[in-house]
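The primary structure of each chain is shown beneath.
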Amino acid sequence: MRRFLLRRALWFALTVWAVVTISFVLMRNVPGGPFSAERKLHPTVEAAVNARYHLDWPAWRQYLQTLGPLNLDEHGVFGDRSDVFGGILALDLGPSLQHRDVSVNELVAQSLPVSAALGAAALFWALLLGIGGGLVSALRPGTALDTLARVLSTLGLSLPNFIVASLLVLALAVAVPLFPVAGWGSFSHLVLPSFALGAPFGAYVARLFRAGLLETLSQDYVRTARAKGVPAHQVVLRHALPGALVPVISFLGTAAAGILTGSLVIERIFTIPGTGSHFVAGALNRDYALAMGVTLVYTVAVYGLNLLVDLAYAVIDPRVDLEKEA
Amino acid sequence: MSEPARKSEWFGDATFERVAAQLGEPSQSGLWADVRRRLRSNAAARWSLRWLFALVLVSLLVPLLPLPSPAAMALDKQPKPPVAPWVEPYNERYEPYYGELNAVDTALVGLRRKAFGKKQTGPWLGTDAKGRDTLSRILWGSRTSLLVALFAALTSLTVGVAWGSVAGLASARVDNLMMRTVDVLQSIPTIFLVIFLLSFLNAPRPDGSPSFVSRETVFFLVIGAVSWLSMARVVRGQVLSLRSAAFVEAARSQGASTGWIVRAHIFPNVLPIVLVYLALTLPSVILYEAFLSFLGLGVESPKVSWGVLAADGAEAINPLATFWWLPLGPALAMGATLLALGLLGDALRDALDLRRGER
Amino acid sequence: MSLLEVRNLRVGFATARGWAQAVESFSVSVDEGEAVAIVGESGSGKSVSALAIAGLLPRPPARIETGEVLFGGRDLLRMPERELRMLRGRELGFVFQDPSTSLHPLMSVGEQLEEALLVHERLSRAEARARALAALAEVGIAEPDERLAAFPHQLSGGMRQRVMIAMALICRPKLLIADEPTTALDVTVQAQLIELLRKLQRERGMAILIVTHDLALVSGFASRTQVMYAGSVVESGFTSELIAHPAHPYTAALLRSVPALDDALDARFGGIAGTPPDPTQPLPGCAFAPRCAHAVAACRERRPKLSPLALQPSQSGALAISSRRVACGEATRLLSEATSA
């Protein structure tokens, strides 16, 4: 167990380093720097801006400042701080280049709960639709209900989330005004975006779960359970379900990453003030610090979720040996 | 007791015959004939193929069709709703403005002008806020999606298959190194890096000069770079399991060379899974393109893609005025194409009998 | 009255290639405390018959067309599923062929043992645990308290099958149906397990219906044996007599196909030419006729019925054959030829 976690941590560190370094190299090589593009700045202003964001430092020093954990800036970034620590290793994502006097940490802290709520609700939809649909399909294979569930799942798989979102808004917010078209703040604001975000994954979960359940239901050990006189519902719940959940759980890591990605678009459509919209705005406005910060946050989130998935895997299936897997 | 001996000779003959029959049956041509037959008997696969074929044909020939130009604007204040083809079959307001076109398309557009002159189809699917014809934009937009799909297919067929087979056939250490590279690339949420990358390369130059690589080139490179990863992983897994399969061991024990084993055993058995994965990669790449275009990081105006159209459509939704045709058109086109690819992939998987539990 | 009485069971499967008649006609009776063996090659319908007895066949695709299964006087085929379920595990125990797939891979041995108890008897968890422990000890598993917490993949094949047996017997059933209980195991383990089953049967006075393809394995164990071929019982009788003087050509061929220790080193042991008939294409005559060295024209026209072997009084005295039933028109002739030779 400890070796598994250690190995994971090592890979995690390597990935974070790769993200930071790639981003940094790209940032350094943007022609003209982030501020000088559109309009020519006055030389003194440009010098002040460059000094403020350390753009006048040599590359290695900027890199170390970005990476941390020591703050190489003797004045502190905003002049009023003189922190000893700074940079990514000190969990400091630096100042935003576009939002004046706001650090990336503050922006992330503001927006992450919003995105987390959206993501959790989307995951809920994915599991609800997936497990429900898969269960109905697998317990009554070949019936009209099964066919319906499978057609819906195929449709869900082939429609991208932004199209699902557009159609949902058209139907349930414009034609029949049940939900708000966009915005954030109440529960009804959450329903449409989280559904649009989660439904395609629900379609995939339904497929996985149906196949998994049909597979486990035909296993010898299910026959053994019936031979023991276990009641039908218990045969499904206790004997067939856990095995069928294994592929679903291993898909959750991928799904979580996909939901994070999808949130970029969904937050934009519904004008939700989440981390994803900050990221897109940051990327479009060349706020590299913000974009890199969010990328790092999402990398951490995906890693963390994958770790949880692997641990859940080991809990469900005693045959999984994490030491060997890692 | 002479009887048992006689019987066992019988037994030998029968076994030999049975084995011979089995050996003769599932030859390679037999397998593919079987696959073709199973695909043909699948109605969903047939319709999917027809749709995809029609789409490819139309997107190749779209400059020839008497459509309005996708870039020609009419400064209306509002998007115009669809007009049924029988109400306004055509009008004569054709505006030959396309932005930049390559030589072939310029020639095709020239032909179109000779053939149809100022005639163009009516706004059968309506127009957008800038007065551009929706139908024409959807059809022109399909070219981007298909081009991206083609490019990704080529990348995963060349880079992905090569990377995977080399990793599968190479020594454990090389294999480990190659697959760890894929691991790291896959565990970075690539879309973020991609967006990051594109936004850098989109940055305007201080001297106004065009960058040394065009944004579209980068866009394609990026899509190529992410599309081969799962293919490499799948091919490597299949090659590894084939390497230790009983029939390969048998061939090796009879002194077959590595080249022969790869040609006769590994290649034919990797091919089905490569095909199936290709069918899975295409929709995801089309989605990827749409996703990036949706965020404004894809093709640049006056070029269009389905993602651009979907984004325009999503923006046009508001509770005050319903421009429903703007989101609906691209949604249907894209949904149908992705559905066709998905159904085809499923049918292929069924025909090749590659999924055991899934029915 | 016998404990289990199966009459004229007929079972088929809907397959992609059409209706497959897996069991043409199956009858068997098992008295209390008696061990009966059903022997046949794979595809003979023996396992399907055994599963059909307790309603364990997947339906669809399987369908039980006719027949009755009387267990303690009640017809299991016409019993509501709820009542049948209460019989399974409590009065009818099952042991399946492959313990590595028949035990739940994600549940501990203890959980699986206790489940049957908790379903059928009002027991506290502690009582169930104690019973599970005792059951493991009874089937000869060392350190049973450690094994309770183990998962199937941590046990050896023989140990897993012992767990299966313990699980089948934990509610003290009157009848144990064992479907090829030793086929998936090593030869040395096979003998141990048969010995264990015999011991448990004697100690508990339990009836066993054992399904196997290995006649030699059950020779010292089952008092009576039925031989099945292509979905029908072709011969039945007392095991020792059946082995000494097989009357049906198929039984004889089956016996010849087993090499004996005292065979000469260069002796070839006899297989059976040809393959069993396709269950989707039933033959008009005897199903074994195409493979039978002794078949005559009549064999291919009319299907012989399972009927008592008609022997001359002198013969039956000499051969010591009692209550034998054979489905072969030529059986009497062949038997007298074989014994006179």
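Source: prediction; values computed, not measured. (Residues numbered from 1 in each chain as written. Chains lettered and ligands numbered in written order. Predicted model: local features only at pLDDT ≥ 70, side-chain atom pairs only at ≥ 80, totals over all residues. Heavy atoms only, no water.)

## Describing the overall build of chain C
Phase 1 of the analysis: Looking only at helices and strands, chain C has 14 helices and 12 strands in total.
Phase 2 of the analysis: The C-alpha radius of gyration of chain C comes to 21 Å, within 12% of the 20 Å expected for a compact globule of 341 residues.
Phase 3 of the analysis: When its C-alpha atoms are laid out on the principal axes, chain C stretches across 65 × 45 × 40 Å.
Phase 4 of the analysis: Burial analysis of chain C (341 residues in total) assigns 52% to the buried set.
Phase 5 of the analysis: Restricting the contact set of chain C to residue pairs at least 6 apart, pairs at least 24 apart contribute 64%.
Phase 6 of the analysis: As displayed, chain C has an accessible area near 14900 Å², and 53% of this comes from carbon and sulfur atoms. (Helix = DSSP H or I, 4+ residues; strand = E, 2+ residues; numbered from the N terminus. Rg over C-alpha atoms; globule rule 2.2 N^0.38 Å. Buried < 20%, exposed > 50% of the residue type's maximum accessible area, 1.4 Å probe, protein only. Contact = heavy atoms within 4.5 Å. Areas by Shrake-Rupley, 256 points an atom, 1.4 Å probe, with all protein chains shown as cover.)

## Quick word on the overall build of chain B
Phase 1 of the analysis: Helix and strand counts for chain B stand at 13 helices and two strands.
Phase 2 of the analysis: When burial is assessed residue by residue, chain B has 45% of its 359 residues classed as buried.
Phase 3 of the analysis: The long-range fraction of contacts in chain B, counting pairs at least 24 apart against all pairs at least 6 apart in sequence, stands at 80%.
Phase 4 of the analysis: Within the structure as shown, chain B displays about 18300 Å² of accessible surface, and the carbon and sulfur contribution to it stands at 65%.

## Digging into the confidence of the model for chain B
Any residue range with low pLDDT should be treated as having predicted coordinates unsuitable for detailed reading.
All names here are of chain B.
Phase 1 of the analysis: On average, residues of chain B score 74 in pLDDT, and 80% of them reach the 70 mark or higher.
Phase 2 of the analysis: Model confidence for chain B, summarised as mean pLDDT per element, is weakest for helix H1 (residues 3-24) at 32 and strongest for helix H3 (residues 43-61) at 88.
Phase 3 of the analysis: The low-confidence segment residues 1-28, where pLDDT is below 50, has 19 contacts with residues more than four positions distant or belonging to other chains.
Phase 4 of the analysis: Within the model, pLDDT remains below 50 along residues 355-359, and this stretch shows 12 contacts once partners closer than five positions in the same chain are excluded. (pLDDT = per-residue confidence, 0-100.)

## Let's talk about the packing of helix H6 (residues 161-175) of chain A against helix H7 (residues 187-217) of chain A
A pair of packed helices is captured by two measures, namely the crossing angle of their axes and the spacing between those axes.
Residues and elements named next belong to chain A.
Phase 1 of the analysis: Where H6 contacts H7, the axes come no closer than 9 Å and their chain directions differ by 140°. Viewed along their axes, H6 and H7 adopt a mutual orientation that is oblique. When the axes of H6 and H7 are compared, the crossing they make is right-handed. Across the interface between the two elements, Asn-161, Val-164, Ala-165, Leu-168, Val-169, Leu-172 and Ala-173 of H6 pack against Leu-192, Phe-195, Ala-196, Leu-197 and Pro-200 of H7. (Axes fitted to C-alpha atoms, helices over the stretch in contact; angles between N-to-C directions. Parallel < 35°, antiparallel > 145°, perpendicular 65-115°, else oblique. Left-handed = near helix turned anticlockwise from the far one by under 90°.)

## Regarding the side chain of B:Ser305
Phase 1 of the analysis: Its place among the elements puts B:Ser305 in the loop between helix H11 (258-294) and helix H12 (306-316).
Phase 2 of the analysis: Looking at B:Ser305, its side chain comes within polar contact range of the side chain of B:Ser293, at 3.1 Å. (Polar contact = N/O pair within 3.5 Å; in protein donor to acceptor, adjacent residues only side chain to side chain.)

## A word on the interface of chain A and chain C
Phase 1 of the analysis: Taken together, the contact between chain A and chain C spans 19 residues of the former and 28 residues of the latter.
Phase 2 of the analysis: Taken together, the two surfaces of chain A and chain C that pack against each other cover about 2100 Å², and 57% of this comes from carbon and sulfur.
Phase 3 of the analysis: Across the contact surface, chain A and chain C share two salt bridges.
Phase 4 of the analysis: One salt bridge connects A:Lys228 with C:Glu115, and the closest N-O pair in it is separated by 3.0 Å.
Phase 5 of the analysis: The interface formed by chain A and chain C includes 14 residue pairs in polar contact (both at pLDDT 80 or more).
Phase 6 of the analysis: Where the side of chain A that touches chain C is concerned, the elements lending two or more residues are helix H8 (220-227) and helix H9 (232-269) of chain A.
Phase 7 of the analysis: Take the side of chain A that touches chain C: its biggest share by element is six residues, from H8(A).
Phase 8 of the analysis: Tallied by class, the residues present in the side of chain A that touches chain C amount to seven nonpolar, five polar and seven charged. (Buried area = accessible area lost by both parts, 1.4 Å probe. Salt bridge = Lys/Arg side-chain N within 4 Å of Asp/Glu carboxyl O. Nonpolar A, V, L, I, M, F, W, Y, C, P; charged D, E, K, R; others polar.)

## As for the environment of C:Leu209
All names here are of chain C.
Phase 1 of the analysis: Its location among the elements puts Leu-209 in strand E8 (residues 207-212).
Phase 2 of the analysis: In this structure, the C-alpha to C-alpha distance between Leu-209 and Ile-177, residues 32 residues apart in sequence, is 4.8 Å.
Phase 3 of the analysis: Beyond its immediate chain neighbours, meaning those up to four positions away, Leu-209 contacts Leu-4, Val-28, Val-30, Val-36, Ile-38, Ile-53, Leu-175, Leu-176, Ile-177 and Ala-178.

## Topic: the pairing of strand E1 (residues 4-15) of chain C
Residues and elements named next belong to chain C.
Phase 1 of the analysis: Inspection of the sheet shows E1 paired to strand E2 (residues 18-30) by eight bridges, in the antiparallel sense. Across the sheet, the residue bridging to Ala-14 is Trp-19, located in E2.
Phase 2 of the analysis: Relative to strand E4 (residues 62-71), E1 is paired through eight bridges, and the arrangement is antiparallel. Pairing of Val-6 across the sheet is with Val-69, part of E4. (Pairing = 2+ DSSP bridges.)

## Examining the environment of B:Thr127
Residues and elements named next belong to chain B.
Phase 1 of the analysis: Assignment of secondary structure puts Thr-127 in the loop between strand E2 (120-121) and helix H5 (134-169).
Phase 2 of the analysis: Judged by relative accessible area, Thr-127 falls into the buried class, the value being 4%.
Phase 3 of the analysis: Apart from residues lying up to four places away in sequence, Thr-127 is in contact with Pro-79, Lys-80, Arg-132, Asp-133, Thr-134, Trp-325 and Leu-326.

## Comments concerning the packing of aromatic side chains
Phase 1 of the analysis: Applying the stated criterion to the full structure yields 11 aromatic pairs over all chains.
Phase 2 of the analysis: Cluster of aromatic residues (ring-pair linked, three or more members): A:Phe124, A:Trp125 and A:Phe195.
Phase 3 of the analysis: Against the face of B:Trp47 rests B:Arg50, its NZ or CZ located 4.5 Å from the ring centre. (Phe/Tyr/Trp six-rings, centres within 6.5 Å; stacked < 30°, edge-to-face > 60°. Lys NZ or Arg CZ within 6 Å of the ring centre and 35° of its normal.)

## Let's talk about unusual backbone geometry
Phase 1 of the analysis: Phi is positive for C:Asn8, which is not a glycine, with a value near 50°.
Phase 2 of the analysis: Looking at the secondary structure, you find C:Asn8 in strand E1.

## Describing the pairing of E8(C)
All names here are of chain C.
Phase 1 of the analysis: Burial of E8 is extensive: six of the six residues sit out of reach of the surface.
Phase 2 of the analysis: Because side chains alternate across E8, one face comprises the buried residues Ala-207, Leu-209 and Val-211, and the other comprises Ile-208, Ile-210 and Thr-212, equally buried.
Phase 3 of the analysis: Across five bridges, strand E3 (residues 35-39) lies against E8 in parallel orientation. Residue Val-39 lies in a different strand from E8, and its bridge partner there is Thr-212.

## Quick look at the pattern of salt bridges
A side chain with one charge may pair with a side chain of the opposite charge, provided their charged atoms come close.
Residues and elements named next belong to chain C.
Phase 1 of the analysis: The full count for this structure, using the stated rule, is 25 salt bridges over all chains.
Phase 2 of the analysis: Notably, a salt bridge pairs Glu-68 with Arg-7, separated by 2.8 Å at the nearest N-O pair. Of this pair, Glu-68 sits in strand E4 while Arg-7 sits in strand E1; the two residues are 61 residues apart in sequence, bridging distant segments of the chain.
Phase 3 of the analysis: Judged by its relative accessible area of 28%, Glu-68 is partly exposed.
Phase 4 of the analysis: Looking at Arg-7, the relative accessible area reads 36%, which means it is partly exposed.
Phase 5 of the analysis: Notably, a salt bridge pairs Glu-41 with Arg-291, separated by 3.4 Å at the nearest N-O pair. Of the two residues, Glu-41 sits in the loop between E3 and helix H1 (46-53) while Arg-291 sits in the loop between helix H11 (249-256) and helix H12 (297-301), which places them 250 residues apart along the sequence.
Phase 6 of the analysis: On the basis of relative accessible area, Glu-41 is assigned to the partly exposed category, the value being 21%.
Phase 7 of the analysis: Taken together, the shared-partner salt bridges connect Arg-10, Glu-24, Glu-65 and Arg-303 into one network.

## Notes on helix H7 (residues 157-169) of chain C
All names here are of chain C.
Phase 1 of the analysis: In this model, H7 (13 residues) spans 19 Å end to end at C-alpha, consistent with the 18 Å of a helix rising 1.5 Å per residue.
Phase 2 of the analysis: Of all the 13 residues making up H7, 11 are buried; the element is thus mostly covered by neighbouring parts of the structure.
Phase 3 of the analysis: What H7 keeps buried is the set Gly-158, Arg-160, Gln-161, Arg-162, Val-163, Met-164, Ile-165, Ala-166, Met-167, Ala-168 and Leu-169. (Expected span 1.5 Å × (residues − 1).)

## Remarks on the packing of helix H9 (residues 229-243) of chain B against H11(B)
All names here are of chain B.
Phase 1 of the analysis: The geometry of H9 relative to H11 is characterised by a closest axis approach of 10 Å and an angle of 150° between their N-to-C directions. Put simply, H9 runs roughly antiparallel to H11. Viewed along their axes, H9 and H11 form a crossing whose handedness is right-handed. Contacts between H9 and H11 involve Ser-230, Met-231, Val-234, Val-235, Gln-238, Val-239 and Leu-242 from the former and His-265, Ile-266, Asn-269, Val-270, Ile-273, Val-274, Tyr-277 and Leu-278 from the latter.
Phase 2 of the analysis: Class assignment of the residues belonging to the contact of H9 with H11 gives a composition of 11 nonpolar, four polar and no charged.

## Let's talk about a nonpolar patch on the surface
Residues and elements named next belong to chain A.
Phase 1 of the analysis: On the surface, Val-136, Leu-145, Leu-148, Val-151, Leu-152 and Leu-155 cluster together to form a nonpolar patch covering roughly 510 Å² of accessible area.
Phase 2 of the analysis: Ranked by the residues each element gives to the nonpolar patch, the list is headed by helix H5 (residues 144-158), at five residues.
Phase 3 of the analysis: Mapped onto the elements, Leu-152 comes out in helix H5.
Phase 4 of the analysis: Exposure remark for Leu-152: the relative accessible area of 52% places this residue in the exposed category. (Patch = residues over 30% accessible without salt bridge, like charges linked within 9 Å, V, L, I, M, F, W, Y side chains within 5 Å.)

## Considering the side chain of C:Gln201
Residues and elements named next belong to chain C.
Phase 1 of the analysis: Locating Gln-201 in the fold gives a position in helix H8 (residues 187-204).
Phase 2 of the analysis: Looking at Gln-201, its side chain comes within polar contact range of the main-chain oxygen of Gly-33, at 2.9 Å.
Phase 3 of the analysis: In this view, Gln-201 contacts Gly-33, Glu-34, Ala-35, Met-206, Ile-208 and Phe-221; residues no more than four positions away in its chain are not counted.

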